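The primary structure of each chain is shown beneath.
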Protein chains: 2
Amino acid sequence: MSHSTDPHSLSAPPTQDQLRGRLGQAGLRATRQRVVILESLLTLPGHPTAEQVHRRVVTQEPTISLGTVYKALDAFVAAGLTRRVASAEGASRRYDADCSEHHHLFCTNTQEIMDYCDPQLDHLIRDFFAARGLQNFQPHSFSLHITGVKRPD
Amino acid sequence: MSHSTDPHSLSAPPTQDQLRGRLGQAGLRATRQRVVILESLLTLPGHPTAEQVHRRVVTQEPTISLGTVYKALDAFVAAGLTRRVASAEGASRRYDADCSEHHHLFCTNTQEIMDYCDPQLDHLIRDFFAARGLQNFQPHSFSLHITGVKRPD
DNA sequence: CTCTCTGCAAACTTTTTGCAAAAGT
DNA sequence: ACTTTTGCAAAAAGTTTGCAGAGAG
């Protein structure tokens with residue numbers, strides 16, 4: 001993607017300590033379970049469901065329960081570490097470790113949801129609404145949902 | 001909303017015949033149930049859940065079952081009469097009778113989802129992507145999700 | 001040591017499915 | 001008449017909750 005950044009593929013995988021740090025900063029206890037859950041969220045492609053996070057996480061922490069994943073994800077969302085992404089076709093809830101403003105590419109073939117960051121686009125949209133104004137609505141944030149098909153690279 | 005049009009409030013309520021026509025064109029049999037379901041979708045404010053459609057529809061057709069509402073909505077979506085709207089905070093699926101391209105205003109106070117049509121905005125976005133191009137993605141349609149708060153009129 | 005978090009299981013909500021009877025074309 | 005659709009009820013899928021015991025700070 002020429003002008004976009006993908007938060008999942010940019011940086012080296014976060015260390016245990018970085019993950020613990022993020023949890024601590026958010027006021028959450030850094031349990032083994034939460035560390036692997038947060039790690040999964042950061043490394044799993046797209047916007048996984050609780051189920052997908054659980055499947056990934058049981059390989060590292062075999063006794064972890066799906067309920068714990070739900071509770072941890074709720075805690076992350078409440079703490080602002082993570083956000084819920086409206087799921088594309090009404091399936092399960094999806095979570096995104098990236099809280100910065102970004103947009104989504106939704107592929108109708110593979111059902112994948114990819115992040116798309118583009119400050120220039122953000123700027124364009126903000127300017128548009130700054131100039132135009134909505135009569136009875138005060139916009140706060142924008143997220144563009146782009147439907148289409150992934151091209152073979 | 002100064003420059004937008006709301007498909008739910010624009011026109012006079014559709015007649016039975018118009019509803020039947022729409023169903024027929026879509027290749028669906030015009031049963032009593034489907035007529036009232038489609039009517040509810042068109043007149044209900046926002047983007048109702050199957051549950052909400054059912055609650056509305058049982059007043060006119062008391063024996064209609066929730067399962068029928070689900071099946072009818074699925075049929076509408078398959079036929080292109082209706083589309084699913086990604087629900088805001090992971091609640092139930094929501095449906096929208098309007099298939100034309102439009103955007104959504106989501107109020108964080110009332111949890112309402114309002115339609116927002118703006119050809120100028122569409123144009124702006126299309127131009128932007130026409131000029132820029134995405135490397136491995138062929139965009140097809142765009143929908144802007146605007147989060148904010150409703151202002152008292 | 002204290003308080004939060006986990007694991008488990010049960011409850012709940014939402015959606016899907018199967019099938020016989022009813023209704024539409 | 002022929003098929004699709006309905007209604008019902010049961011099952012599946014997804015999510016939440018309560019509580020006793022384990023683990024973090």
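Residues numbered from 1 in each chain as written. Chains lettered and ligands numbered in written order. Predicted model: local features only at pLDDT ≥ 70, side-chain atom pairs only at ≥ 80, totals over all residues. Heavy atoms only, no water.

**Observations regarding the overall build of chain A**
And then number 1: If you tally the helices and strands in chain A, you get five helices and five strands.
And then number 2: Ordered by position in the sequence, the α and β elements of chain A form the string α-α-α-α-β-β-β-β-α-β.
And then number 3: Summed over all atoms, the accessible surface of chain A reaches about 7,700 Å², with 51% contributed by carbon and sulfur. (Helix = DSSP H or I, 4+ residues; strand = E, 2+ residues; numbered from the N terminus. Areas by Shrake-Rupley, 256 points an atom, 1.4 Å probe, with all protein chains shown as cover.)

**A look at the protein's contact with DNA strand C**
And then number 1: Taken together, 18 residues lie around DNA strand C, and Gln33(A), Arg34(A), Lys71(A), Tyr70(B) and Lys71(B) are the ones closest in.
And then number 2: Here the atoms of DNA strand C within 4 Å of the protein split so that 72% fall in sugar or phosphate, with bases taking the remainder.
And then number 3: Here a phosphate oxygen of DNA strand C and a side-chain polar atom of Thr68(A) are 3.2 Å apart.
And then number 4: One nitrogen or oxygen atom from the side chain of Lys71(A) is found 2.4 Å from a base oxygen belonging to DNA strand C.
And then number 5: At the level of elements, helix H2 (32–43) and helix H4 (66–79) of chain A together with helix H4 (66–79) of chain B are the ones that each hand at least two residues to the surface near DNA strand C.
And then number 6: With four residues, H4(B) is the single largest residue contributor to the surface near DNA strand C.
And then number 7: Residue classes in the surface near DNA strand C are distributed as four nonpolar, seven polar and seven charged. (Near = heavy atom within 4 Å. Polar contact = N/O pair within 3.5 Å; in protein donor to acceptor, adjacent residues only side chain to side chain. Nonpolar A, V, L, I, M, F, W, Y, C, P; charged D, E, K, R; others polar.)

**Concerning the protein's contact with DNA strand D**
And then number 1: As a structural note, the neighbourhood of DNA strand D is formed by 16 residues, with Tyr70(A), Lys71(A), Arg29(B), Arg34(B) and Lys71(B) the closest of them.
And then number 2: Across the atoms of DNA strand D situated within 4 Å of the protein, the share located in sugar and phosphate is 70%.
And then number 3: Between DNA strand D and the protein, one listed contact pairs a base oxygen with a side-chain N or O atom of Lys71(A) at 2.7 Å.
And then number 4: With three residues, the single largest contributor to the surface near DNA strand D is H4(A).
And then number 5: Taken together, the residues that form the surface near DNA strand D break down as four nonpolar, six polar and six charged.

**Focus: the interface of chain B and chain A**
And then number 1: Each partner contributes residues to the interface: chain B has 43 residues there, and chain A has 44 residues.
And then number 2: Carbon and sulfur atoms make up 55% of the surface buried where chain B meets chain A, a total of about 4,100 Å² over both sides.
And then number 3: For the chain B face of the interface with chain A, the top three residues by lost area are Arg132(B), Phe137(B) and Arg151(B), together amounting to 18%.
And then number 4: The interface formed by chain B and chain A holds two salt bridges in total. (Contact = heavy atoms within 4.5 Å. Buried area = accessible area lost by both parts, 1.4 Å probe. Salt bridge = Lys/Arg side-chain N within 4 Å of Asp/Glu carboxyl O.)

**Quick word on H4(B)**
Residue and element names in this part refer to chain B.
And then number 1: Between its terminal C-alpha atoms H4 stretches 20 Å, which fits the 20 Å expected from 14 residues at 1.5 Å a residue.
And then number 2: Of all the positions in H4, only Val 69, Ala 72, Leu 73, Ala 75 and Phe 76 are classed as buried. Axial view of H4: buried residues confined to an arc of 160 degrees, hence all on one face. Of the exposed residues in H4, the ones pointing more than 90 degrees away from its buried face are Lys 71 and Ala 78.
And then number 3: Looking one or two places after H4, you find Gly 80, whose phi comes out positive at around 85 degrees. (Expected span 1.5 Å × (residues − 1). Buried < 20%, exposed > 50% of the residue type's maximum accessible area, 1.4 Å probe, protein only. Arc of directions from axis to C-beta.)

**What about the UniProt feature "binding site: Zn(2+)" (unreviewed entry) in chain A?**
And then number 1: The sites that UniProt annotates as "binding site: Zn(2+)" (unreviewed entry) are Cys107(A).
And then number 2: Relative to the helices and strands, Cys107(A) resides in strand S3 (residues 103–107). (UniProt positions renumbered as here; feature names shortened; annotations may be inferred.)

**Some remarks on the sheet that holds strand S3 (residues 103–107) of chain B**
And then number 1: Spatially, six strands are ordered S4(A)-S3(A)-S5(A)-S5(B)-S3(B)-S4(B) in an open sheet, and the strand pairing comes out mixed. The open sheet terminates on both sides in strands that have one partner only, identified here as strand S4 (113–116) of chain A together with strand S4 (113–116) of chain B. Neighbour-to-neighbour, the strand axes of this sheet turn through a mean angle of 25 degrees, independent of strand direction.
And then number 2: Its contacts with the sheet put helix H5 (residues 119–132) of chain A on S3, S4 and strand S5 (137–150) of chain A together with S4 and strand S5 (137–150) of chain B, and the angle it makes with S5(A) is roughly 140 degrees.
And then number 3: Those strands touched by helix H5 (residues 119–132) of chain B are S4 and S5 of chain A together with S3, S4 and S5 of chain B, and its axis lies near 140 degrees from that of S5(B). (Pairing = 2+ DSSP bridges. Axes fitted to C-alpha atoms, helices over the stretch in contact; angles between N-to-C directions.)

**Some details on the relation of the copies chain B and chain A**
And then number 1: After a rotation of 179 degrees and a shift along the axis of 0.1 Å, chain B superposes on chain A with an RMSD of 0.3 Å. Expressed as an axis order, the relation between the two copies is that of a two-fold axis. The rotation axis passes nearest to the C-alpha of Leu144(B) in chain B, at a distance of 2.2 Å.
And then number 2: Interface overlap between copies: 100% of the residues of chain B at the interface are likewise at the interface in chain A, consistent with a symmetric, same-surface contact. (Least-squares fit on C-alpha atoms with pLDDT ≥ 70 in both.)

**Looking at the pairing of S3(B)**
Residue and element names in this part refer to chain B.
And then number 1: The element S3 is largely enclosed, with a buried count of five among its five residues.
And then number 2: Because side chains alternate across S3, one face comprises the buried residues His 103, Leu 105 and Cys 107, and the other comprises His 104 and Phe 106, equally buried.
And then number 3: Inspection of the sheet shows S3 paired to S5 by four bridges, in the parallel sense. Across the sheet, residue Leu 105 finds its bridge partner in S5, namely Ile 146.

**Some details on the domain arrangement of chain A**
Residue and element names in this part refer to chain A.
And then number 1: Entries for chain A in the domain assignment read domain 1 (13–99) and domain 2 (100–153).
And then number 2: Each partner contributes to the interface: domain 1 provides nine residues, whereas domain 2 provides nine residues.
And then number 3: Of the roughly 790 Å² buried between domain 1 and domain 2, counting both surfaces, carbon and sulfur atoms make up 53%.
And then number 4: Along the contact surface separating domain 1 from domain 2 lie three residue pairs in polar contact (both at pLDDT 80 or more).
And then number 5: Secondary structure elements with two or more residues in the side of domain 1 that touches domain 2: strand S1 (83–85) and strand S2 (94–96). (Domains from an automatic or database assignment.)

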